[in-house]
Amino acid sequence: MQYVTPDLCDEYPEVEVLEPIFNNYGAKESFGGEVVTIKCHEDNSLVKQQVDLPGHGKVMVVDGGGSLRNALLGDMLAEKAAKNGWEGLVIFGCIRDVDIIMETELGVQALGVVPRKTEKKGIGEMNVPVKFAGVQINQGMYIYADNNGIIVSEKELKMPS
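Small disclaimer: the values here were computed from a predicted structure and weren't measured.

(A) Examining the layout of surface pockets more closely. Approximately 250 Å³ is the volume found for the largest pocket. Lining the largest pocket are 13 residues, and of these N44, M76, L77, R96 and K120 lie nearest its centre. If you list the elements that add at least two residues to the lining of the largest pocket, you get β5 (71-73) and α3 (75-83). Examining the composition of the lining of the largest pocket, we find that four residues originate from one element, α3, more than from any other.

As structure tokens, this is what we get:
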């Protein structure tokens, strides 16, 4: 489905808008779905675990603490996420392998790109509230992203006719 965040904001003025600090990297420039949260810092073990699970209708929201030192997503994890039906990922941190991710049928918004991978220590939390870019995001909320920005809602939104 194609989402247009300005139209959604007009139709649903109660939505929250993330500060405009993200860049759009995935082949799906527009994506949205039910939120699954991960909180981790320079360790993408939980991201790796989640992309192996079915993600139809879901968006992984990863709070990497805004770290610019290590990539929380690379080409192999992005390809697994796409294969398992994830709509996309919003990452408060960095990704790598951006040229391949830009061709992968997945929505990806992140702060930036860095070539260094993370260590896998199994550190992180699932399904916890995360807060970044001025908005608290809880498991089960809905998130929508396009080239205009990222919005969050308590309920599922439908594009206006």
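(B) Main features of the nonpolar core. Counting residues in each nonpolar core, the largest one holds 23 residues, and the members touching the most others are V47, M60, V62, L73, L89, I91 and I95. Mapped onto this core, the elements with two or more residues apiece are β3 (31-39), α2 (45-51), β4 (58-63), β5, α3, β6 (88-95), α4 (98-101) and β7 (107-113). Sequence-distant contacts of I95, defined by excluding residues within four places in its chain, comprise Y25, A71, L73, I101, V108, A110, G112, V113 and V114. Within the second largest apolar cluster, 20 residues are counted, among which are F31, V35, F132 and V152.

(C) Region of the structure containing unusual backbone geometry. Of note, the phi angle at N127 is positive, near 60 degrees, even though the residue is not glycine. Looking at the element boundaries, N127 is found in the loop between β8 (125-126) and β9 (130-132). Despite not being glycine, A133 has its phi angle at roughly 50 degrees, a positive value. Mapped onto the fold, A133 is located in the loop between β9 and β10 (135-137).

(D) Up close: α3. For α3, the full list of buried residues reads D75, L77, A78 and A81. Down the axis of α3, the buried side of the element spans an arc of 165 degrees, and every buried residue falls inside it. Facing away from the buried side of α3, by more than 90 degrees, are the exposed residues M76 and K83. At its buried positions, α3 is contacted by α2, β5, β6 and α4. A positive backbone phi angle near 85 degrees is found at G85, which sits one or two residues after α3.

Cut-offs and rules
Residues numbered from 1 in each chain as written. Predicted model: local features only at pLDDT ≥ 70, side-chain atom pairs only at ≥ 80, totals over all residues. Heavy atoms only, no water. 1 Å grid on protein atoms, 1.4 Å probe; cavity = no way out; pocket = protein on both sides within 12 Å on 5 of 7 lines; lining within 4 Å. Points joined across faces, edges and corners; volume = space filled by probe spheres on them. Helix = DSSP H or I, 4+ residues; strand = E, 2+ residues; numbered from the N terminus. Core = buried A, V, L, I, M, F, W, Y, C linked by side-chain atoms within 4.5 Å. Buried < 20%, exposed > 50% of the residue type's maximum accessible area, 1.4 Å probe, protein only. Contact = heavy atoms within 4.5 Å. Arc of directions from axis to C-beta.

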